[in-house]
Amino acid sequence: MDKYSILKKYFGYSDFREGQELLIDSILSGRDVLGIMPTGAGKSLCYQVPALLMHGITLIISPLISLMKDQVQALNQAGIHAAYINSSLSESQISKALRLAAAGQYKMIYAAPERLETYEFLQFALQAEISMVTVDEAHCISQWGQDFRPSYLKIVQFIRQLPGRPVLSAFTATATEKVKEDIVCVLELMEPQVLVTGFDRKNLYFAVESPRKKDDYVLSYIKEHREESGIIYCATRKNVNMLHELLVSEGIAAAKYHAGLSGNERKQNQEDFIYDKSPVMTATNAFGMGIDKSNVRYVIHYNMPQSIENYYQEAGRAGRDGERAECILLYSAQDVRINRFLLDNKEPNPEQTREEMDAVREMDEQRLRAMIYYCMTTECLRKYILRYFGERGPDRCENCINCAREYEETDVTQAAVKIIKGILEVRQRYGINVIAGMLAGENRAKLREYGVFDYEAYASLKELREPEIKMIISQMQTEGLLAATNDKYALLKVPSAANEVLRGERRVILKRPKEEPGKRSARSSSGNGMRKSDILNSKGLELFDRLRALRTEIAREESMPPYIIFSDKTLIDMCVRAPLSKSEMMKVTGVGENKYERYGERFLHAVFEYTGGVREKFYFGETEKFTETSKDYAAVPAKIKKSEFILTAAQAADFPYKEKYLVTEIAEKLNDLRDAQTVKKTSGAEIFRRMQAEKYADEQRQDGRWQKRISEKGLKAGLFLGMRMSRNGMEYEDIYYNKEAQKMIVDMFTSHVRTPVQ
Ligand code: ADP
């Protein structure tokens, strides 16, 4: 087999993405590689494809247990033998896995770096044929990176002990020069093929918002995106707890994750999120490394992170499936204080000298400053990020809030002159707070202490408010007309470029958004603001919903995350192609042979059932076929915005009550009654979420399967347990609803607002 057949057979894709082929070919020719690619670019395939073509075993070093589990699950689903060896297994499981590995059962083995030192593992490695060692999240090897892991340094010692040197391949999403150098040197890569692919993630929309109340913002955002999965990152555990409590009290199925929770709680909550049981995750940055959930539609940062690296990595967890997703950062001045506090209290690394620690602190400070500028800038946010990573982007991306917003331009040259003079007058000894306070003529204790009242500059800009002065200062900083020192005091300095302003040769223009900050209206006007599922017409969307429901059903039966069965993108392509035969189904992106064998027929059946065997056009426009490469959806007409599911009292009166229904059946009957033109569908999952929120029932994972339970309250309301048969003949318990309970649900979804009599 060659790499193309492997790609189609196991992964179901027809083309490689940018850079993948180069790395795969290099590995196969025996050359070391370093792949620096943003999250979601498809790093895994770069080592998985050659691993299948090489003679021996590929050993993948990966920092996190959850990452390994996810990858191995996905590989096994695709029909590839792989295993992981880590502390989540018992001693005897580990021995067994190593025995099987030694007997050639697995092509790929995932292990944590700590594992390499153990006697048993080394014994295995010494007599096995290891063709390649892959180091995932390779930036963990660098002290300059964000996630330095001393145990990564042991990888080299391990490799040196092997009888033959395997090919080394390293992958990371962190691109700074220092980190890159460290990976090459510390890992001792030999003349590696280095590939840095574009960092741009075109499907991600970026925004910075400063709402007065962040809680309200988050709540209304989630309510507007009920059907979607998202992550809310907070800076502290306390914020996570508070926000989580708020969301749950509002009936939102949210999970939480931070280092203060027990291992079991974290595991359970993470699974709830991955399995879409709790589509919203509130978390600190402890969450997410190695989370490969492809259908995360938004990542909101409740607080500003410490660096652009962190931000891009966390935000990058949105939209891995290549579909449109939103990355929103909620900024407030308080965030700067929290972050400085966190930096000041960072645990010292015992393996670093004093000088190294100081250098790291200074770098942290620089990173934080770049992050703050990101929150302030009025230029294209994508351009800003790409420039930070050393890439040139277009001036405007038309897919971020700054490109979508209209700005008012004000000439603030005179104020800029006064600012420069003020800074020079105080001999460049103060930071932005003192300077702005002084120029605005404030009278607070700190300013009195510094004796700023005696300067000529005091109150020289009293016609402006302090925040306005700060805005001008920030603007001047981004334009290089002011600079700040690289310590935590960030004293404002006047670079030579400022002379141009003083001499009247250069004007300073302040750009301010026309609309109220905090409004998100700019979003919808963006030209790229369309999901790929928007390519589907109403019939297509209905088919999409059905296929999604089938996917959830299979996911439940197999205890697999839905996106591991098929991604949203695969389902959409399935709706566009509406395959009616095996060969047509095999053309759908993401459908490989193994996946076809497992699920193909059920999906074919679903398409057949829906179409009655007659293929119609389920998408808008003349687009031939939706494929990975077709990007032009601009011609697709906008959809009418439908309201959340609701029935009028008259529609509700027609509900066909029966002795017992399953929740999915109730959803189906309810949907039949609605006005399909203007009202979105509800689903079994949505109704069950309401049941959970109102404490009628609950769902727990037991022995690897979901078990539903009814509360006292639920029993009284008419919920009862009964047996069901899954399609593959397994019996399992599910909740049924009697007439009384049906009535209650119908009522929940009925509008009781009276329409005036005509
Ligand atoms: P990374 O590790 O770089 O964050 P992944 O390896 O998890 O990214 O890949 C992200 C997604 O892209 C996965 O869903 C993967 O199946 C998909 N993908 C990778 N390569 C291709 C390809 N050549 N064609 C289509 N989809 C791909």
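All of the points below concern the structure found in this document. All of these numbers come straight from a predicted model, not from anything done at the bench.

Quick notes on the sheet that holds strand β9 (residues 229–233)
So, step 1. With respect to topology, 6 strands assemble into an open sheet ordered β8-β13-β12-β9-β11-β10, the strand pairing being parallel. Either end of the sheet is taken by a strand with one partner, and the two such strands are β8 (204–209) and β10 (254–257). Between one strand axis and the next, the sheet turns by 15 degrees as a mean value, whatever way the strands run.
So, step 2. Pairing geometry for β9 and strand β11 (residues 280–283), over 4 bridges, is parallel. Counted as the bridge partner of G230 is V280 from β11.

Some thoughts on the packing of aromatic side chains
So, step 1. For the coordinates displayed, the defined rule picks out 23 aromatic pairs.
So, step 2. With a centroid separation of 4.9 Å and an interplanar angle of 70 degrees, the aromatic rings of Y221 and Y298 are classed as edge-to-face. One end of the pair, Y221, is in helix α9 (residues 214–224); the other, Y298, is in strand β12 (residues 296–301), with 77 residues separating them in the sequence.
So, step 3. When its relative accessible area of 0% is taken as the criterion, Y221 is described as buried.
So, step 4. Given a relative accessible area of 0%, Y298 falls into the buried group.
So, step 5. Each ring, one from F655 and one from Y661, has its centre 6.1 Å from the other, and the planes form 80 degrees; the classification is edge-to-face.
So, step 6. Judged by relative accessible area, which is 3%, Y661 ranks as buried.
So, step 7. An aromatic cluster is defined as three or more aromatic residues linked by ring pairs; in this entry it consists of F199, F206, Y312, Y388 and F389.
So, step 8. A cation sits over an aromatic face here: K293 above F273, 4.8 Å from the ring centre.

Overview of the site of the ligand
So, step 1. Looking at the ligand, there are 16 residues lining it, with Y13, D15, G40, K43 and S44 nearest.
So, step 2. Residue Y13 places a side-chain N or O atom 2.7 Å away from an oxygen atom belonging to the ligand.
So, step 3. Contact distances for the ligand include 3.4 Å between an oxygen atom and a backbone N or O atom of A41.
So, step 4. Alone, the ligand offers 570 Å² of accessible surface; in the complex the protein occludes 86% of this.
So, step 5. Ranked by residue count, the leading element in the shell around the ligand is helix α3 (residues 43–53), at 3 residues.

With respect to the pairing of β8
So, step 1. Of all 6 residues that make up β8, 6 are buried, and the element is covered over most of its length.
So, step 2. Across the two faces of β8 the burial is the same, with L204, F206 and V208 and Y205, A207 and E209 all buried.
So, step 3. As defined by bridge partners, β8 adjoins strand β13 (residues 325–330) across 6 bridges and the pair is classed as parallel. Within β13, the residue paired with L204 across the bridge is A325.

A few points about the pairing of strand β5 (residues 130–135)
So, step 1. A large share of β5 lies buried, amounting to 6 of its 6 residues.
So, step 2. The pairing of strand β2 (residues 57–61) with β5 spans 5 bridges and is parallel. Note on β5: the bridge partner recorded for I61 is V135.
So, step 3. Across 4 bridges, the pairing between β5 and strand β6 (residues 167–172) is parallel. From the neighbouring strand, T134 faces β6, where its bridge partner is S169.

Quick notes on the environment of V184
So, step 1. As for its placement among the helices and strands, V184 is situated in helix α8 (residues 177–186).
So, step 2. With 58 residues separating them in the primary sequence, V184 and L126 have C-alpha atoms 24 Å apart.
So, step 3. Apart from the residues within four sequence positions on either side, V184 is in contact with L34, L189 and P192.

Here we look at the nonpolar core
So, step 1. Membership of the largest hydrophobic core comes to 171 residues, with the highest contact counts inside it found for F206, Y374 and F603.
So, step 2. Of all hydrophobic cores here, the second largest spans 34 residues; its members include A436, A484, V494 and L510.

Some points on the state of the cysteines
So, step 1. A full pass over the atoms with the stated rule returns 0 disulfides.
So, step 2. With no disulfide partner, C397 has as its closest neighbouring cysteine sulfur the one in C380, 3.6 Å distant.
So, step 3. In this model C403 remains outside any disulfide bridge; the closest cysteine sulfur is found in C400, 3.8 Å from its own.

Notes on the sheet that holds β6
So, step 1. Taken in spatial order, the 7 strands of this open sheet run β3-β4-β2-β5-β6-β1-β7, and their pairing is parallel. Bordering the open sheet on either side are β3 (82–85) and β7 (193–196), each of which pairs with just one other strand. Sheet twist, expressed as the mean angle between neighbouring strand axes with direction ignored, is 15 degrees.
So, step 2. Inspection of the sheet shows strand β1 (residues 33–36) paired to β7 by 4 bridges, in the parallel sense. Bridge pairing links L34 to V194 in β7.
So, step 3. Sheet strands in contact with helix α4 (residues 65–77) are β3 and β4 (108–111), and its direction is about 165 degrees off that of β3.

A closer look at the environment of K421
So, step 1. With respect to the helices and strands, K421 occurs in helix α17 (residues 413–425).
So, step 2. Using a relative accessible area of 53% as the deciding quantity, one classes K421 as exposed.

Some points on the pattern of salt bridges
So, step 1. What the rule picks out here adds up to 37 salt bridges.
So, step 2. Between E500 and R506 there is a salt bridge whose closest N-O contact spans 3.7 Å.
So, step 3. Taking relative accessible area as the criterion, E500 reaches 29% and is therefore assigned partly exposed.
So, step 4. The residue R556 makes a salt bridge to E699 at a minimum N-O spacing of 3.2 Å. Placement of the pair is R556 in helix α23 (residues 538–558) and E699 in strand β19 (residues 697–702), with a sequence separation of 143 residues.

Quick look at helix α27 (residues 593–611)
So, step 1. Helix geometry: α27 is bent most strongly at Y599, by close to 60 degrees.
So, step 2. Among the residues making up α27, those that are buried are N594, K595, Y596, Y599, G600, R602, F603, L604, A606, V607, Y610 and T611.
So, step 3. Among the structural elements, α1 (3–11), α4, α23, α24 (562–565), α25 (568–577) and α26 (582–585) are those in contact with the buried residues of α27.
So, step 4. Immediately beyond the C-terminal end of α27, within one or two residues, lies G612, with a positive phi of roughly 65 degrees.

Structural notes on the packing of helix α2 (residues 20–28) against α3
So, step 1. As a packed pair, α2 and α3 sit with axes 9 Å apart at the nearest point and diverge in direction by 35 degrees. Seen from above, α2 lies across α3 with right-handed handedness. Residues Q20, L23, I24, I27 and L28 of α2 form the contact with α3, whose own contacting residues are L45, C46, V49, P50 and L53.
So, step 2. Here the residues of the contact of α2 with α3 sort into 9 nonpolar, 1 polar and no charged.

Reading the values: the criteria
Residues numbered from 1 in each chain as written. Predicted model: local features only at pLDDT ≥ 70, side-chain atom pairs only at ≥ 80, totals over all residues. Heavy atoms only, no water. Pairing = 2+ DSSP bridges. Helix = DSSP H or I, 4+ residues; strand = E, 2+ residues; numbered from the N terminus. Axes fitted to C-alpha atoms, helices over the stretch in contact; angles between N-to-C directions. Phe/Tyr/Trp six-rings, centres within 6.5 Å; stacked < 30°, edge-to-face > 60°. Buried < 20%, exposed > 50% of the residue type's maximum accessible area, 1.4 Å probe, protein only. Lys NZ or Arg CZ within 6 Å of the ring centre and 35° of its normal. Near = heavy atom within 4 Å. Polar contact = N/O pair within 3.5 Å; in protein donor to acceptor, adjacent residues only side chain to side chain. Areas by Shrake-Rupley, 256 points an atom, 1.4 Å probe, with all protein chains shown as cover. Contact = heavy atoms within 4.5 Å. Core = buried A, V, L, I, M, F, W, Y, C linked by side-chain atoms within 4.5 Å. Disulfide = S-S within 2.5 Å. Salt bridge = Lys/Arg side-chain N within 4 Å of Asp/Glu carboxyl O. Bend = angle between axes of the 7 residues up to and from the residue. Left-handed = near helix turned anticlockwise from the far one by under 90°. Nonpolar A, V, L, I, M, F, W, Y, C, P; charged D, E, K, R; others polar.

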